[in-house]
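Given next are the chains, with one letter for each unit.
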Amino acid sequence: MKLVVLGSGTSVPHPRRASAAFWLETSAGSLLLDCSADAAHRMAEENLNWSNLDAVWISHLHLDHCVGLASLLFGLKWAPQTQGRRKLLKIYGCEGIKKLLRAIDDSNDYGLFEQPFPIELHEVLVSDGDFELLPGLRAKTFSTPHTRESLAIRITDNDGASVVYSSDTGYSEELASFAREVDLLILECSFWRNKPTAKHLELVDAMRIARLAEPRTLLLTHLYPEWDGIDLESKAKELWPGITIEAWDGLRLEI
Ligand SMILES: [Zn+2]
Ligand SMILES: [Zn+2]
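Worth saying up front: this structure is predicted, and the values here are computed from it rather than measured.

Undergrad: I would appreciate a short explanation of the nonpolar core in the present structure.
TA: The tendency in soluble globular proteins is for nonpolar side chains to be buried as a group. Counting 31 residues, the largest nonpolar core has Leu-3, Trp-57, Leu-133, Ile-155, Ile-186 and Leu-219 as the members making the most contacts within it. Residues contacting Leu-133, with those up to four places away along its chain left out, are Leu-31, Lys-90, Tyr-92, Ala-139, Ile-153 and Ile-155. Core analysis: the next-biggest nonpolar cluster, separate from the first, contains 28 residues, Trp-23, Leu-73, Ile-97 and Phe-117 among them.

See below:
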């Protein structure tokens, strides 16, 4: 699998960090992990094959993770590149994503679900257990202590390569178990220290999860502007000896 960081930031406007979105290229197809308002244009900026995108995952209803889905669908509907497309686009997301998209769609005659190509929209519950994101790409979810509907996802391809994307989360040892020995753990690390809320992580929390989970590689993301000017990777190394990478927009990783 290949990962491209589209947005390593948060809801707070930042000159170098777009809000949350990741492009995941797999043998089964391409997948967008979260879809912030910046995501569509960031895909184009990275020269990714956005018009052939196979699937979208939405972790929770905070707007820095999901609101770009409406504008992406609006863009796909009218883009010259998609007029000949007939391939299915699958959208999987947390509880409430259908209501949000319908509310936007109903507010004007956008016709977001009337596309040149078919769309499937699925809401995922943790109780659903394992599901197939794309043929040959398995996924399971974990309910994170962030919002009522927020979900982490673990994705495994046919070759056994695996990715966990925490999205936003508070501290949870169960999340560490969920991410145990994953190849790539994309973990939020909103704050360096003195976090103002239990619903996000600061560095010591993230590194405690890393120590318990022992991922092959840890990618820290969802970085508030408080991180500007701080050497995240060396601070992380003091707390866990494994490989920690600071996410930045445009970073590409092989998994
Ligand atoms: Zn967020
Ligand atoms: Zn959030």
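Undergrad: I keep staring at the coordination of the zinc ion (ligand 2) and nothing clicks. Help me out?
TA: Ideal values for angles at a metal depend on the geometry: 109.5 degrees with four tetrahedral donors, 90 or 180 degrees with six octahedral donors. Within the protein, the zinc ion (ligand 2) binds to His-60 (NE2), His-62 (ND1), His-146 (NE2) and Asp-168 (OD); these donor distances fall in the range 2.1 to 2.2 Å. Bound by four donor atoms, the zinc ion (ligand 2) shows angles of 92 to 159° at the metal and therefore irregular coordination geometry. For the zinc ion (ligand 2), the donor residues sit on a single chain with the sequence spacing H-x1-H-x83-H-x21-D. Here the zinc ion (ligand 1) and the zinc ion (ligand 2) are spaced 3.6 Å from one another, each receiving a donor from Asp-168. One end of the pair, His-62, is in the loop between β4 (55-58) and α2 (63-66); the other, His-146, is in the loop between β8 (137-143) and β9 (151-156), with 84 residues separating them in the sequence. On the basis of relative accessibility, which here comes to 34%, the residue His-62 falls in the partly exposed class. With relative accessibility at 6%, the residue His-146 sits in the buried group.

Undergrad: Quick question: what am I supposed to make of the packing of helix α3 (residues 68-78) against helix α4 (residues 97-106) here?
TA: Between two packed helices, what matters for the description is the angle formed by their axes and the separation of those axes. Viewed as axis vectors pointing N to C, α3 and α4 meet at an angle of 55°, and their least axial separation amounts to 10 Å. By the angle between their directions, the pair α3 and α4 is classed as oblique. Crossing geometry of α3 relative to α4 is assigned as right-handed. Where α3 abuts α4, its residues Leu-69, Ala-70 and Leu-73 lie against Ile-97, Leu-101 and Ile-104. Residue composition of the contact of α3 with α4, grouped by class: six nonpolar, no polar and no charged.

Undergrad: Got a minute to help me understand the packing of aromatic side chains in this structure?
TA: Aromatic ring pairs: the centre-centre distance and the angle between the two ring planes describe each pair. Scanning the model with the defined rule gives five aromatic pairs in all. The interplanar angle of 35° and the centroid separation of 5.1 Å between the aromatic rings of Tyr-92 and Phe-131 together place this pair among those described as tilted. Linking Tyr-92 in strand β5 (residues 89-93) with Phe-131 in strand β7 (residues 131-134), this pair joins segments that are 39 residues apart in sequence. The exposure class assigned to Tyr-92 is buried, which follows from its relative accessible area of 6%. Taking the ring centre of Trp-192 as reference, the NZ or CZ of Arg-193 above it sits at 3.8 Å.

Undergrad: Is there a simple way to think about unusual backbone geometry in this case?
TA: The phi dihedral of Glu-181 falls on the positive side, at around 55°, and the residue is not glycine. Structurally, Glu-181 is set in the loop between α5 (173-178) and β11 (184-188). Overall, the relative accessible area of 53% leaves Glu-181 in the exposed class. At Glu-214, a position not held by glycine, the phi torsion is positive, near 50°.

Undergrad: Is there a simple way to think about the sheet that holds β8 in this case?
TA: Strand pairs in the sheet, formed through backbone hydrogen bonds, run parallel or antiparallel to each other. Strand order across the open sheet formed by seven strands is β7-β8-β9-β10-β11-β12-β13, with mixed pairing between neighbours. A strand with exactly one partner marks an edge of an open sheet, and here the two such strands are β7 and β13 (243-246). For this sheet, the mean angle separating the axes of adjacent strands, direction not counted, is 25°. One ladder, built from six bridges, connects β8 with β9; its direction is antiparallel. If you follow Ala-139 over to β9, its bridge partner there is Ile-155.

Undergrad: Would you mind showing me how to read the coordination of the zinc ion (ligand 1) here?
TA: Donor atoms from the polypeptide that bind the zinc ion (ligand 1) are Asp-64 (OD), His-65 (NE2), Asp-168 (OD) and His-222 (NE2), placed at 2.1 to 2.3 Å. The site at the zinc ion (ligand 1) holds four donor atoms, and with the angles between them running 85 to 163°, its shape is irregular. Counting the intervening residues between successive donors of the zinc ion (ligand 1) yields the motif D-H-x102-D-x53-H.

Undergrad: Whenever I open this one, the sheet that holds β4 confuses me. Can you help?
TA: The mixed open sheet is built from seven strands, whose spatial order is β6-β5-β4-β3-β2-β1-β14. Only two strands of the sheet have a single neighbouring strand rather than two, namely β6 (119-123) and β14 (252-254). Each strand axis lies, on average, 20° off the axis of its neighbour in the sheet, ignoring direction.

Undergrad: How should α4 be read in this particular structure?
TA: Owing to its 3.6 residues per turn, the α-helix brings residues three or four apart onto one side. For α4, the complete set of buried residues consists of Ile-97, Leu-101 and Asp-105. Each buried residue of α4 sits inside an arc of 65° when the element is viewed along its axis, so together they form one side. Turned more than 90 degrees from where α4 packs its buried face, Lys-99 and Asp-106 sit exposed. Contacts from the buried residues of α4 go to β4, α2, α3, β5 and β6.

The rules behind each value
Residues numbered from 1 in each chain as written. Chains lettered and ligands numbered in written order. Predicted model: local features only at pLDDT ≥ 70, side-chain atom pairs only at ≥ 80, totals over all residues. Heavy atoms only, no water. Core = buried A, V, L, I, M, F, W, Y, C linked by side-chain atoms within 4.5 Å. Buried < 20%, exposed > 50% of the residue type's maximum accessible area, 1.4 Å probe, protein only. Contact = heavy atoms within 4.5 Å. Donors = N, O, S within 2.8 Å, 3.2 Å for Na, K, Ca; no water. Tetrahedral: all angles 85-135°; square planar, octahedral: opposite > 155°, others 65-115°. Helix = DSSP H or I, 4+ residues; strand = E, 2+ residues; numbered from the N terminus. Axes fitted to C-alpha atoms, helices over the stretch in contact; angles between N-to-C directions. Parallel < 35°, antiparallel > 145°, perpendicular 65-115°, else oblique. Left-handed = near helix turned anticlockwise from the far one by under 90°. Nonpolar A, V, L, I, M, F, W, Y, C, P; charged D, E, K, R; others polar. Phe/Tyr/Trp six-rings, centres within 6.5 Å; stacked < 30°, edge-to-face > 60°. Lys NZ or Arg CZ within 6 Å of the ring centre and 35° of its normal. Pairing = 2+ DSSP bridges. Arc of directions from axis to C-beta.

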